[in-house]
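Residues per chain, in single letters:
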Amino acid sequence: MATTSASSTPAAVKPLSVIEASKRLAAYTAVDQHIKPEHSVIGIGSGSTVPYVVERIVQQGPAANRGRIFIPTGFQSKELIVSSGLNLGDVDQHATIDVTIDGADEVDTNLNCIKGGGACHLREKVLAEAALTFVVVADYRKNSEFLGTNYDPGVPVEVVPFAYAKVLRDLKALGSPNAALRMAVKKAGPVVSDNGNFVIDAPFAREYILNPSEIKLLTGVVEVGLFCNLAKAAYFGNADGSVTIKRSGGSLEEVVSA
Ligand SMILES: O=C[C@H](O)[C@H](O)[C@H](O)COP(=O)(O)O
């Protein structure tokens, strides 16, 4: 196990912005507290915070990682695992995962999360549910009392392409009049997920947002980016170099790194 502290920056590494440093701090602290020598099957989530998770796992050294299998939540994390020299596996071979660490778009007081800002929430939810321990890492902007406070595109809803117009109509009827098909930025047309599906972003009022089952029941919906009652802990890197840790059950801890 490497001895680098969560706040240490090797001299050759260029300084990070406050946001990036916060993501790294959250990721390093979560890995230090949750990825232990006895863990052999590890889920790796998606997004811009997760590379720091993998970076910290690699720092545990080849001996610690030799016997481990890493399960990705999509194309990005698969590439990350392979390019980091870690062993790649898949959830169809490992239905039980020791620990999954993933990012989030927003996390509330009770550790409910909005996920899917990167359209990966189907595989992410499978890995979150497969995990004995599911842990979320993020910078301080994602730490909210209520979902929908800071992340306003809405609830990501993955849909089979041919059903998107019908599901859009259903979501509007369900209380999301501004639900919209997510459009790609450097491609003409909609975002296409790793599973070949479309994504609708559906903003809901606070009183409806914690009810993923109603959305999931709409025919044509594959998965909903609301992760309720799944996370055991959420780590938020703060701008001042501290980490806020929210745990299921309601405990709150502030860790100041050395
Ligand atoms: O689909 C994407 C995922 O749910 C990400 O984990 C989420 O969007 C957070 O990503 P980031 O760490 O880049 O904020």
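On a predicted model such as this, the values are computed, not experimentally measured, just so you know. (Residues numbered from 1 in each chain as written. Predicted model: local features only at pLDDT ≥ 70, side-chain atom pairs only at ≥ 80, totals over all residues. Heavy atoms only, no water.)

Caption draft 1: Here's a closer look at the packing of aromatic side chains. Applying the stated criterion across every chain, the model contains 2 aromatic pairs. With 6.3 Å between their ring centres and 35° between their planes, Phe 134 and Phe 227 make a pair best called tilted. Linking Phe 134 in strand 6 (residues 131-139) with Phe 227 in strand 11 (residues 226-227), this pair joins segments that are 93 residues apart in sequence. Phe 227 shares its class with Phe 134; the two are buried. On the basis of an interplanar angle of 65° and a centroid distance of 5.9 Å, the ring pair of Tyr 164 and Phe 198 is categorised as edge-to-face. (Phe/Tyr/Trp six-rings, centres within 6.5 Å; stacked < 30°, edge-to-face > 60°. Helix = DSSP H or I, 4+ residues; strand = E, 2+ residues; numbered from the N terminus. Buried < 20%, exposed > 50% of the residue type's maximum accessible area, 1.4 Å probe, protein only.)

Caption draft 2: Up close: the site of the ligand. Ser 48, Thr 49, Asp 105, Glu 124 and Lys 142 are the nearest of the 16 residues found near the ligand. One of the side-chain nitrogen or oxygen atoms of Lys 115 is found 2.9 Å away from an oxygen atom of the ligand. Ala 119 has a polar backbone atom sitting 3.2 Å from an oxygen atom of the ligand. When atom positions are compared with the pocket grids, the ligand is found to occupy the largest pocket. (Near = heavy atom within 4 Å. Polar contact = N/O pair within 3.5 Å; in protein donor to acceptor, adjacent residues only side chain to side chain. 1 Å grid on protein atoms, 1.4 Å probe; cavity = no way out; pocket = protein on both sides within 12 Å on 5 of 7 lines; lining within 4 Å. Sits in = over half its atoms within 2 Å of the grid points.)

Caption draft 3: Quick peek at unusual backbone geometry. For Ala 119, which is not a glycine, the phi torsion comes out positive at approximately 65°. Positionally, Ala 119 belongs in the loop between strand 5 (113-114) and helix 5 (121-130).

Caption draft 4: Broad picture of the sheet that holds strand 14 (residues 252-256). What the 7 strands build is an open sheet, ordered 2-1-3-6-12-13-14; its pairing is mixed. Two strands bound the open sheet, and with one partner strand each, they are strand 2 (69-72) and strand 14. The mean inter-strand angle of the sheet, taken between neighbouring strand axes irrespective of direction, is 20°. In this structure, strand 13 (residues 242-247) lies alongside strand 14, joined through 5 bridges in antiparallel fashion. Paired with Thr 244 across the two strands is Glu 254, which belongs to strand 14. In this fold helix 1 (residues 18-34) packs onto strand 3 (97-102), strand 6, strand 12 (233-237) and strand 13, with an angle of close to 160° to the strand it touches most, strand 6. Sitting on the sheet, helix 4 (residues 75-83) touches strand 1 (41-44) and strand 2, and the angle it makes with strand 2 is about 155°. (Pairing = 2+ DSSP bridges. Axes fitted to C-alpha atoms, helices over the stretch in contact; angles between N-to-C directions. Contact = heavy atoms within 4.5 Å.)

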